[in-house]
Amino acid sequence: MMAIVRPVVECNRTQVDNGRVYLREMVFGDPAEPHHGEALAITGQTENAVAAVLCRDAQVSEAGAATATRVVSAVTFLAMAASVNVAASVDEIVRDIREQIAVLLTR
């Protein structure tokens, strides 16, 4: 799963301020705006990939994977957008995300 998440963090952190604005626009922007739709499509593709990884575990249902995937997206989003992480490196943000996801997956 982290092989999917890390490139997202790397891309977002290329220009931290722009990356944070991009994330804000994804949540609060005009869904009719073409770039907004593209961003949401990329998010959907990423979520599908994460759900597929989670479904490799026979104990995880598709519905459970879909729910967990939304949590993974939220954790990833907040880790990248949070003001306290403005100066954080990619490795620090990925480590934070990994630690939070580990808690989710042990339940």
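Data block above holds the structure.
In this text the structure is predicted, and so the values were computed from the model without any measurement. (Residues numbered from 1 in each chain as written. Predicted model: local features only at pLDDT ≥ 70, side-chain atom pairs only at ≥ 80, totals over all residues. Heavy atoms only, no water.)

### Quick notes on the overall build of the chain
Per the secondary structure count, the chain includes 5 helices and 0 strands. Along the chain, from the amino end to the carboxyl end, the secondary structure elements read α-α-α-α-α. Computed over C-alpha atoms, the radius of gyration of the chain comes to 14 Å, within 12% of the 13 Å expected from 2.2 N^0.38 for 107 residues, which places it in the range of a compact globule. Dimensions of the chain, computed from C-alpha atoms along their principal axes, come out at roughly 40 × 35 × 20 Å. Sorting the 107 residues of the chain into buried and exposed places 30% on the buried side. With an accessible surface of roughly 6800 Å², the chain has 59% of that area assigned to carbon and sulfur atoms. (Helix = DSSP H or I, 4+ residues; strand = E, 2+ residues; numbered from the N terminus. Rg over C-alpha atoms; globule rule 2.2 N^0.38 Å. Buried < 20%, exposed > 50% of the residue type's maximum accessible area, 1.4 Å probe, protein only. Areas by Shrake-Rupley, 256 points an atom, 1.4 Å probe, with all protein chains shown as cover.)

### Here's the deal with the side chain of Thr-76
Along the polypeptide, Thr-76 turns up in helix α4 (residues 62–81). With a relative accessible area of 8%, Thr-76 lands in the buried category. The contact partners of Thr-76, leaving out residues within four places of it in the chain, are Val-5 and Ile-97. (Contact = heavy atoms within 4.5 Å.)

### Some thoughts on the layout of surface pockets
Unfilled space is identified by rolling a water-sized probe across the atoms. By volume, the largest pocket is sized at about 550 Å³. In this structure, the largest pocket is lined by 25 residues; those nearest its centre are Val-8, Leu-23, Met-26, Thr-43 and Met-80. When residues of the lining of the largest pocket are traced back to their parent elements, those giving at least two are α1 (2–12), α2 (16–28), α3 (34–54) and α4. Among the elements that make up the lining of the largest pocket, the one with the highest residue count is α3 (7 residues). Its residues assigned to classes, the lining of the largest pocket comprises 15 nonpolar, 9 polar and 1 charged. (1 Å grid on protein atoms, 1.4 Å probe; cavity = no way out; pocket = protein on both sides within 12 Å on 5 of 7 lines; lining within 4 Å. Points joined across faces, edges and corners; volume = space filled by probe spheres on them. Nonpolar A, V, L, I, M, F, W, Y, C, P; charged D, E, K, R; others polar.)

### Quick notes on the pattern of salt bridges
Taken as a whole, this structure holds 2 salt bridges when the rule is applied. Between Arg-6 and Glu-10 there is a salt bridge, with the nearest N and O atoms lying 2.9 Å from each other. Residue Arg-6 and its partner Glu-10 are located together in helix α1, separated by 4 residues, close to a single helical turn. (Salt bridge = Lys/Arg side-chain N within 4 Å of Asp/Glu carboxyl O.)

### Description of the side chain of His-36
Topologically, His-36 is positioned in helix α3. Apart from the residues lying within four places of it in its own chain, the contact partners of His-36 are Glu-25, Met-26, Gly-29, Asp-30 and Pro-31.

### Remarks on the environment of Val-94
Mapped onto the elements of the fold, Val-94 is located in helix α5 (residues 90–105). Owing to a relative accessible area of 2%, Val-94 belongs among the buried residues under this scheme. Taking the C-alpha atoms as reference points, Val-94 and Pro-7, separated by 87 residues in sequence, lie 9.8 Å from one another.

### Some remarks on the nonpolar core
With 23 residues, the main nonpolar core has Met-1, Val-5, Val-9, Ile-93 and Ile-97 as its most contacted residues. Take this core: its biggest share by element is 7 residues, from α4. (Core = buried A, V, L, I, M, F, W, Y, C linked by side-chain atoms within 4.5 Å.)

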